[in-house]
Protein chains: 2
Amino acid sequence: MAEAAKKMTTADMPERAIAYFQDLQNRICARFESLDGVGRFEKTPWQKEPDSLMQGGGEMRVMKGDVFEKVGVNFSHVHGRFSDEFAPSIPGASKENPQFWASGVSLVAHMRSPLVPAVHMNVRRIVTTKAWFGGGADLTPYFPFEEDTQSFHTHLKAACDSYRPDAYAEYKAWCDRYFFLPHRNEPRGVGGIFFDNLESGSEEADFAFVQAVGDAFLTAYADIVARRKDLPWTPEQREHQLVRRGRYVEFNLLYDRGTLFGLKTNGNTEAILMSMPPEVKWP
Amino acid sequence: MAEAAKKMTTADMPERAIAYFQDLQNRICARFESLDGVGRFEKTPWQKEPDSLMQGGGEMRVMKGDVFEKVGVNFSHVHGRFSDEFAPSIPGASKENPQFWASGVSLVAHMRSPLVPAVHMNVRRIVTTKAWFGGGADLTPYFPFEEDTQSFHTHLKAACDSYRPDAYAEYKAWCDRYFFLPHRNEPRGVGGIFFDNLESGSEEADFAFVQAVGDAFLTAYADIVARRKDLPWTPEQREHQLVRRGRYVEFNLLYDRGTLFGLKTNGNTEAILMSMPPEVKWP
């Protein structure tokens, strides 16, 4: 009976996940436009050329505004086969059965003011012979305000607590481990949560958690932007921001699994590298 | 007899290679300071903390001048053991015998004028249970002048021709293959030469070739800088340069073996990432 219920939910899960991801993209973009006041998202639908490995497409949305110097909010929905190189490293996939289906929303925001943190968020569903959700959100302030770090974590913790008691501690630690630059011996920012391969046994619970994370991110980050966007800042602070953005580039190109995976599997380069900061310095 | 001669040369080769690399570093820095007219190289000797994998040190030299926006010319001389992960991929090394010795000069120049090409050069000697030289030089103009591309290749070809008839064609092709960005389907620049694992059978000939390459690079690039440094340029050209520099970053962090190898084997991060452009845009 429980097994039957699980299978029933699974049947329409792809459509429900996609509907949530698209709705989240819409709500994020609307809220960010409202916070910016001037910028508008430019929408670029894209479709992979039918090739042997991946098909499908998505919609990139980029806003270059007054508050948001460059923010990308991407929805994608692709399916195909993992390369022989990657298949063995993906749960439920193998060289013999490299099929996959994936959908999600990815977001990176680089802000004009050095006092407004950069942020990254991703929620995704992956299906191979297994099926799971993953995601996370993490904050990268260049001049950290303790209040912002606290409120960001508090919202994410509430989403985690609704899922299971240990989730926040576990996913916070996972985030700290993941967003770390070994060659600098530095964390990327002040953390957040990171999770993958959710398998609580209830897809409904997993999906509800992923929705809670997406929603919590939006509330938490919008509050921070509203709180900091009109603070005056100095050219020296801006310079510090541009230099620290280099760490963001280093992390994404050297270590980020999503970036490397996308670039090396013939993904949409423009969509993947939308995470690059608009302006960076290595002095 | 030939075998004996080879062994005799090998005995003092480390010192001779190091002497050449340090002399080349000196000559390059002197010539670049003279071309710049204003900037001076800041010298930073460094020494690895004695740890289990690598020891030794080197000298970073960085100039931030009027013509040279940021140029790094590094000498290094290190020895130790390759990690279990890397050892099997290095000729003559293995998990069982991961010892290595390495010395060389690496150079990356990012120029203030968008009309003066960026350039990269490296000459190196590596010793495991085998011993060999490697190196190369390649040019990255943002507004290519055919005359510069031609003269750069002509000097390198002369160095190659003195080594063996097929060397230029082979090492030019190797360079084109190596400095290519698959995710952009673009070459990094207008090429040059790239070579590794030289084993002509005569270490003397290999060493003479590496010296010819280092010297040819200096003549060729100094000529280009002298020819282009005083040309007027526009803000639009500068913008194009900053955007194209992003490709340099992408290549070095995603694909460059030296960069990845250095960062992932506990190398000197500051020295390795000196190749990063001083200012970059991803619009």
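Before any of the text, the structure's been laid out above.
Here's what I pulled together on the structure shown here.

The rules behind each value
Residues numbered from 1 in each chain as written. Chains lettered and ligands numbered in written order. Predicted model: local features only at pLDDT ≥ 70, side-chain atom pairs only at ≥ 80, totals over all residues. Heavy atoms only, no water. Buried < 20%, exposed > 50% of the residue type's maximum accessible area, 1.4 Å probe, protein only. Helix = DSSP H or I, 4+ residues; strand = E, 2+ residues; numbered from the N terminus. Pairing = 2+ DSSP bridges. Least-squares fit on C-alpha atoms with pLDDT ≥ 70 in both. Axes fitted to C-alpha atoms, helices over the stretch in contact; angles between N-to-C directions. Contact = heavy atoms within 4.5 Å. Phe/Tyr/Trp six-rings, centres within 6.5 Å; stacked < 30°, edge-to-face > 60°. Lys NZ or Arg CZ within 6 Å of the ring centre and 35° of its normal. Expected span 1.5 Å × (residues − 1).

## Here we look at the pairing of strand E3 (residues 68-81) of chain A
Within a regular strand, side chains alternate between the sheet's two faces. Residue and element names in this part refer to chain A. Among the 14 residues that make up E3, 10 are buried, leaving the element largely enclosed by the rest of the structure. Note: strand E2 (residues 54-63) against E3, eight bridges, orientation antiparallel. Bridge pairing links Gly 56 to Val 78 in E3. The turn joining E2 and E3, which pair antiparallel and follow one another in sequence, is formed by four residues. Note: E3 against strand E4 (residues 99-111), 13 bridges, orientation antiparallel. Bridged to Ser 76 within E4 is Gly 104.

## Thoughts on the relation of the copies chain A and chain B
Note on the copies: chain A fits chain B at an RMSD of 0.0 Å, the axial shift is 0.0 Å, and the rotation between them is 180°. Taken together, the rotation and translation describe the operation of a two-fold axis.

## Brief notes about the sheet that holds strand E6 (residues 131-140) of chain B
Through backbone hydrogen bonds, the strands of a sheet pair up, either in parallel or in antiparallel fashion. Residues and elements named next belong to chain B. What the seven strands build is an open sheet, ordered E1-E2-E3-E4-E5-E6-E9; its pairing is antiparallel. A strand with exactly one partner marks an edge of an open sheet, and here the two such strands are strand E1 (42-47) and strand E9 (192-195). If you compare each strand with its neighbour and ignore which way they point, the axes differ by 10° on average. Contacts from helix H4 (residues 203-228) reach strand E3 (68-81), strand E4 (99-111), strand E5 (118-127), E6 and E9 within the one sheet, and its direction differs from that of E6 by about 15°.

## Concerning the packing of aromatic side chains
Under the counting rule described, the total for this entry stands at 38 aromatic pairs over all chains. Aromatic pair Tyr 163 of chain B and Phe 209 of chain B: ring centres 4.3 Å apart, planes at 10°, arrangement stacked. Note that Tyr 163 of chain B is positioned in the loop between helix H2 (146-161) and helix H3 (167-178) and Phe 209 of chain B in helix H4, a separation of 46 residues in sequence. The pair Tyr 163 of chain B / Phe 209 of chain B is uniform in exposure class, with both members buried. Through pairs of rings, three or more aromatic residues link up here, namely Tyr 163, Tyr 171, Trp 174, Tyr 178, Phe 179, Phe 194, Phe 195, Phe 209, Phe 251 and Tyr 255 of chain A. One cation-aromatic arrangement involves Arg 188 of chain B over Tyr 248 of chain B; the distance from NZ or CZ to the ring centre is 4.0 Å.

## Describing helix H2 (residues 146-161) of chain A
Residue and element names in this part refer to chain A. When the terminal C-alpha atoms of H2 are compared, their 22 Å separation across 16 residues agrees well with the 22 Å that a helix rising 1.5 Å per residue should span. Among the residues of H2, those classed as buried are Asp 148, Thr 149, Ser 151, Phe 152, His 153, Leu 156, Ala 159 and Cys 160. Those residues of H2 that are buried are in contact with strand E5 (118-127), strand E6 (131-140), helix H3 (167-178), strand E9 (191-195) and helix H4 (203-228).

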